[in-house]
Amino acid sequence: MDNDFENKIKELKSKIQSYPDFPKQGILFWDIFSAISDGSTCKLLQSLLIQTIKQNFPEVDAVVGLEARGFLFSFSLAAELGIGCLPVRKKGKLPGVVEAYKYDLEYGSDVLEIQKNAIRPGLKCLIVDDLMATGGSITATANLLKTCGAEVIGCVVVMELVTLNGRNNIPKGIPVCSLIKYD
């Protein structure tokens, strides 16, 4: 990446606040809301995401936003790129006929859904979210999209918690671009 891009990343990173012991003891929570409460930072983040997508995933047909903070980015990115925006939600939140994917969590399981009529075979989908930790929800979303016949061309996240090794859990062949990496 060029110097200008790196300087913009540093500026964005300076706007993201962290909260120790939230939502529970021992967790350091990186808060994207602290950054996007400022209009100029919203524009900065949008431009960084668009640049990343255009450079790495120019063939994208649809942006897939994960519940719930991924929704913050997916619509505006899709609108600017002139492509579709597809929400992936937790079970029971979408109307119509849905495709569901059940996946395991550390303590239990969850189900993600997408509206079936939003997907056509071969649709080139880009998964977008604010944060990648263990990679579980991104992996589940990729598997859900593949079940529907879509092609997952990659994933873009604003922040990545590197020490949790989430990147290693993403299915092979799905590149991940993260703007900011936290150790």
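Quantities reported herein were computed from a predicted structural model and do not represent experimental measurements. Once a new chain begins, its residue numbering starts again from 1 and follows that chain's sequence as written. Residues qualify for local features only when their pLDDT is at least 70, as the model is predicted, and side-chain atom pairs are given and counted only at 80 or more; totals for whole chains, interfaces and linings, by contrast, use all residues. To obtain the side-chain values, all non-hydrogen atoms of the structure were used and water was disregarded.

Chemist: Explain the UniProt feature "domain: Phosphoribosyltransferase" (unreviewed entry) in the protein chain here, please?
Modeler: UniProt positions are given in the numbering used here, feature names are shortened, and annotations may be inferred rather than shown by experiment. Here, the residues flagged by UniProt with the feature "domain: Phosphoribosyltransferase" (unreviewed entry) are residues 47-159. Secondary structure is summarised from DSSP: a helix means a run of H or I of at least four residues, a strand means a run of E of at least two, and numbering begins at the N terminus for each. In this annotation, residues 47-159 is assigned 30% helix and 41% strand; the end-to-end C-alpha distance for the span is 15 Å.

Chemist: Mind showing me how you'd approach the packing of aromatic side chains here?
Modeler: Here a ring pair, both rings aromatic, is described through the centre-centre distance and the interplanar angle of the planes. Whether two aromatic rings pair depends on their centres lying within 6.5 Å, for rings of Phe, Tyr and Trp, where Trp uses its six-membered ring; planes under 30 degrees apart make the pair stacked, over 60 edge-to-face, and the rest tilted. This structure, assessed with the given rule, holds two aromatic pairs. Taken together, a centroid distance of 5.2 Å and an interplanar angle of 80° make the contact between F22 and F29 edge-to-face. A relative accessible area of 45% means that F22 is categorised as partly exposed. A ring pair is formed by W30 and Y182, whose centres lie 3.7 Å apart and whose planes are at 10°; its orientation type is stacked. Taken together, the residues span a long stretch of sequence, with W30 in strand β2 (residues 28-31) and Y182 in strand β9 (residues 176-182) at a distance of 152 residues. Residue Y182 is classed as buried on the basis of its relative accessible area, which comes to 6%. Categorising residues by exposure relies on relative accessible area from a 1.4 Å probe, with only protein chains included: less than 20% of the type maximum marks a residue as buried, more than 50% marks it as exposed, and the intermediate range marks it as partly exposed.

Chemist: How do you make sense of the environment of C177 when you look at a structure like this?
Modeler: Along the chain, C177 turns up in strand β9. Separated by 26 residues in sequence, C177 and E151 have C-alpha atoms that sit 17 Å apart. Residues count as neighbours in contact if any of their non-hydrogen atoms are within 4.5 Å of one another. Once residues lying within four places of it in the same chain are set aside, the contact partners of C177 are T52, N56, F57, C155, V156 and V157.

Chemist: It is not clear to me how the side chain of E113 should be interpreted in this structure. Could you clarify?
Modeler: Here E113 shows up in strand β6 (residues 108-115). Here E113 is buried and forms no salt bridge, its nearest opposite-charge partner K91 lying at an N-O distance of 5.4 Å. The term polar contact refers here to a pair of N or O atoms within 3.5 Å; inside protein, the definition further demands a hydrogen-donor-capable atom paired with an acceptor-capable atom, and it admits residues adjacent in sequence only when both atoms are side-chain atoms. Of the polar contacts made by the side chain of E113, one reaches the backbone nitrogen of G92; its length is 3.1 Å. In this view, E113 contacts P87, V88, R89, K90, K91, G92, K93, L94, V98, E99, A100 and L144; residues no more than four positions away in its chain are not counted. The charge count treats Lys and Arg as positive and Asp and Glu as negative. His and the chain ends do not count. Every case where a carboxyl oxygen of Asp or Glu lies within 4 Å of a side-chain nitrogen of Lys or Arg is listed as a salt bridge.

Chemist: Got a minute to help me understand the packing of helix α1 (residues 3-15) against helix α3 (residues 39-56) in this structure?
Modeler: To describe two helices that pack against each other, one gives the angle between their axes and the distance between the axes. Contact pair α1 / α3: the axes reach a minimum separation of 10 Å and the direction vectors enclose 135°. In terms of orientation, α1 and α3 fall into the oblique class. Every pair of crossing elements has a handedness; the one defined by α1 and α3 is left-handed. Taking contact as the criterion, the partners of F5, K8, I9, E11, L12 and K15 in α1 are, on α3, T41, L44, L45, L48, Q51 and T52. Here an angle of 0 to 180 degrees is reported between the N-to-C directions of two axes, which are lines fitted to C-alpha atoms, with helices fitted over the stretch in contact. Note on angle classes: values under 35 degrees are labelled roughly parallel, values over 145 roughly antiparallel, values of 65 to 115 roughly perpendicular, and the remainder oblique. Less than a right angle of anticlockwise turn of the near helix away from the far helix marks a crossing as left-handed, whereas a clockwise turn marks it as right-handed.

Chemist: Sorry, what's going on with the sheet that holds β9 here?
Modeler: In sheet architecture, strand pairing relies on hydrogen bonds along the backbone and comes in two forms, parallel and antiparallel. The strand order across the open sheet built from seven strands is β5-β6-β4-β3-β7-β8-β9, with neighbouring strands paired in mixed fashion. Of all the strands in the sheet, just β5 (98-105) and β9 have a single pairing partner and so form its edges. Strand-to-strand twist in this sheet, taken as the mean axis angle between neighbours without regard to direction, amounts to 20°. Taken strand by strand, α1 contacts β8 (151-161) and β9, and its axis lies near 55° from that of β9. Where helix α5 (residues 136-147) meets the sheet, its contacts fall on β3 (62-66), β4 (84-90), β5, β6, β7 (124-132) and β8, and the angle it forms with β5 comes to roughly 145°. For two strands to pair, DSSP has to find at least two bridges joining them.

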